[in-house]
Amino acid sequence: MNSTVAAVSSNGVYSFTKPNRDSVTLLAGLGVEGDVHAGVTVKHRSRVAQDPTQPNLRQVHLIHQELFTELGQAGFDVSPGDLGEKITTEGIDLLGLPAGTLLHLGAEAVVEVTGLRNPCLQIDIFQDGLLKQVVGRAGDGTVVRKAGIMGVVRTGGVVRPGDGIKAVLPAEPHHRLERV
C-alpha cells in the first residue's frame, strides 16, 4: 500500500480539534502556517507555562488514519482533525518510525520526526474513555502511546490530502520514539 496524506487540519486559535482544510502550508522551522502552534519555541500552553524558551519539537502533529478505524471498532467516533493533529496519514506505521526519520510530504515539504505525542486529559473531555484507548501499557508494564507523532518542519511546502508520503530513515543506530 502506498503511504498518503489522508487529511490536513489547522486552526489559528487554541482548540482541541482542528478543522480540515484543502491544504496546509508548512514553513521551515515554524510549523503550519496560520496555526496557533506554529513557532520556533513551544506554543502548547502547559509547556509555555514550564519554560517558554524551550524549542518547539511539536510543530507538526501526525496521526495515522488506522488509529481512527481501531477506535471506531471500540465504539468511538473519531475523524481527522478531531484529536488536534495537523496531518492524518494512511499506509505508514508512524509509531514504528525511529527518531530523526524524514517524512517527505507531497512535492516539497519535509518533516523530521521528533517523538511521540503525549496525550492529555483533554482527550477524555472530547470523548469519555478515549484516553485509555490511546495510552495503555504493554505486557511488560511500559507505557504505549498511540496518539500520533510529532515533528519539526525542515523544508516548507504545501501539503494536500492525496499527497504521497516517503519516509527516509536516519543512519543507524536507530532510536525509538520517546514522548515530546
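Everything quoted here is computed from the prediction, not taken from an experiment.

## Some points on the pairing of strand S5 (residues 60-64)
Phase 1: S5 sits mainly inside the fold: 5 of its 5 residues count as buried.
Phase 2: Of the pairings in the sheet, the one linking S5 to strand S11 (residues 149-155) comprises 3 bridges and is antiparallel in character. Residue pairing in the sheet places His61 in a bridge with Met150 of S11.
Phase 3: Pairing between S5 and strand S6 (residues 87-90): 3 bridges, direction parallel. Following the sheet pairing, Leu62 is matched in S6 by Ile87.
Phase 4: Taking the sense of rotation as the criterion, the β-α-β connection linking S5, helix H2 (residues 65-73) and S6 turns out right-handed.

## With respect to the environment of His44
Phase 1: Within the secondary structure, His44 sits in the loop between strand S4 (31-32) and helix H1 (45-50).
Phase 2: A relative accessible area of 17% places His44 in the buried class.
Phase 3: Remark: the alpha-carbon pair of His44 and Gly100, spanning 56 residues in sequence, is separated by 22 Å.
Phase 4: If sequence neighbours within four positions are ignored, His44 has contacts with His37 and Arg58.

What counts and how
Residues numbered from 1 in each chain as written. Predicted model: local features only at pLDDT ≥ 70, side-chain atom pairs only at ≥ 80, totals over all residues. Heavy atoms only, no water. Buried < 20%, exposed > 50% of the residue type's maximum accessible area, 1.4 Å probe, protein only. Helix = DSSP H or I, 4+ residues; strand = E, 2+ residues; numbered from the N terminus. Pairing = 2+ DSSP bridges. Right-handed = clockwise from strand over helix to strand, strands pointing away. Contact = heavy atoms within 4.5 Å.

Without other data, these values stay purely geometric and don't point to any function.
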